[in-house]
Amino acid sequence: MKIRVPATSANLGPGFDSCGIALSKYLFIEIMEESDRWEILHELGSEIPNDESNLLLRVALKLAPTLTPRKIRMYSDIPLARGLGSSSSVIVAGIELANRLGHLNLSDAQKVDIATAIEGHPDNVAPAIYGDFLITAFDHEHKQTYVVKHHFPECNIVAYIPQEQLLTEASRNVLPKTLDFSTAVEASAIANVMIAAVIKGNLPLAGKMMQADRFHENYREKLIPHLSTIRQICEEEGGYGCFLSGAGPTVLAIVPPEKADKICRLLHALETNAAIEQLQIDREGV
Ligand code: HSE
């Protein structure tokens with residue numbers, strides 16, 4: 001039995017803690033034979049546990065504590081702590097593992113509620129579960145998540161993925177505790193137009209709004225020195241817009257297909273150690 005969970009990019013600029021897309025990088029879990037103990041075979045580095053202390057099994061065994069132990073193979077090309085939803089992919093895989101082996105019959109909505117309670121916000125876990133473009137809201141008081149899935153218009157996505165990791169916590173610590181009323185009104189209006197433009201298929205307007213975020217990117221820019229350079233290249237070369245992927249440090253540029261190769265070449269020419277990749281939207285989710 002195999003489980004495949006896509007990478008995700010949260011926020012899309014102004015959709016902070018709310019919007020996300022699923023991307024064509026994946027965590028793969030292969031569930032193998034029963035064993036006398038849980039064992040995860042992986043080559044993801046010695047810091048990733050291979051026993052029940054691994055996040056995958058912590059999530060799965062909380063949902064289905066009586067599962068018979070198995071050997072599990074785990075592969076991932078989602079880099080850790082780069083803003084591409086690596087921890088969400090493991091949480092979603094853990095839920096799916098419990099769901100399938102424990103015959104829990106969870107609906108997608110239930111999976112999102114469980115995953116959001118663990119992750120704290122739904123903007124990565126919801127697209128990892130549903131695929132494509134998700135607009136979400138989390139009601140903290142009632143612990144309920146509301147989601148709307150919509151087709152993201154066809155486009156190319158260029159990812160600038162630095163070698164250096166940035167922990168979400170560090171990237172959230174630079175955010176203000178409050179926003180003044182007029183900034184909040186403006187930030188919310190920008191997010192509304194971004195979402196409406198995506199739904200209408202108007203990527204030039206959506207891209208403009210993605211770059212106009214008032215919630216978080218200005219505060220995070222000091223941690224992401226390459227953001228303004230990539231923005232400039234994207235603007236000069238006819239990209240629709242670019243934004244910090246989740247809490248960073250990856251930056252995504254949404255571009256017309258005919259512009260993608262040149263934008264990639266210019267990003268390569270920056271001579272950093274970052275990986276430059278062209279990604280697609282994953283339309284299916286887990
Ligand atoms: N919305 C979150 C953030 C995504 O930007 O901090 C990272 O978990």
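Residues numbered from 1 in each chain as written. Predicted model: local features only at pLDDT ≥ 70, side-chain atom pairs only at ≥ 80, totals over all residues. Heavy atoms only, no water.

Asker: How do you make sense of the overall build of the protein when you look at a structure like this?
Answerer: In terms of helices and strands, the protein carries 10 helices and 10 strands. The C-alpha atoms of the protein give 19 Å as radius of gyration, which agrees with the globular expectation for 286 residues (19 Å, within 12%). Principal-axis analysis of the C-alpha atoms places the extent of the protein at approximately 60 × 45 × 35 Å. Every one of the 286 residues in the protein was classed for burial, and the buried ones make up 52%. For the protein, the proportion of contacts with a sequence separation of at least 24, taken over those separated by at least 6, is 70%. Side chains of the protein give 26 positive and 36 negative charges; the mean places of these two sets differ by 1 Å. (Helix = DSSP H or I, 4+ residues; strand = E, 2+ residues; numbered from the N terminus. Rg over C-alpha atoms; globule rule 2.2 N^0.38 Å. Buried < 20%, exposed > 50% of the residue type's maximum accessible area, 1.4 Å probe, protein only. Contact = heavy atoms within 4.5 Å. Lys, Arg positive; Asp, Glu negative; His and termini not counted. Charge placed at Lys NZ, Arg CZ, Asp CG, Glu CD.)

Asker: Which parts of the structure should I look at to understand the layout of surface pockets?
Answerer: It is the rolling of a water-molecule-sized probe over the atoms that shows where space remains empty. The volume enclosed by the largest pocket comes to roughly 880 Å³. Forming the walls of the largest pocket are 45 residues, and the residues nearest its centre are Leu-80, Ala-81, Ser-86, Ser-87 and Ser-88. At the level of secondary structure, the elements contributing two or more residues to the lining of the largest pocket comprise helix 1 (55-63), strand 4 (70-76), helix 2 (86-101), helix 3 (108-119) and helix 5 (168-173). If you tally residues by element for the lining of the largest pocket, the top one is helix 2, at six residues. Residues of the lining of the largest pocket, tallied by class, amount to 19 nonpolar, 16 polar and 10 charged. (1 Å grid on protein atoms, 1.4 Å probe; cavity = no way out; pocket = protein on both sides within 12 Å on 5 of 7 lines; lining within 4 Å. Points joined across faces, edges and corners; volume = space filled by probe spheres on them. Nonpolar A, V, L, I, M, F, W, Y, C, P; charged D, E, K, R; others polar.)

All quantities given are derived from atomic positions and should not be read as evidence of function.
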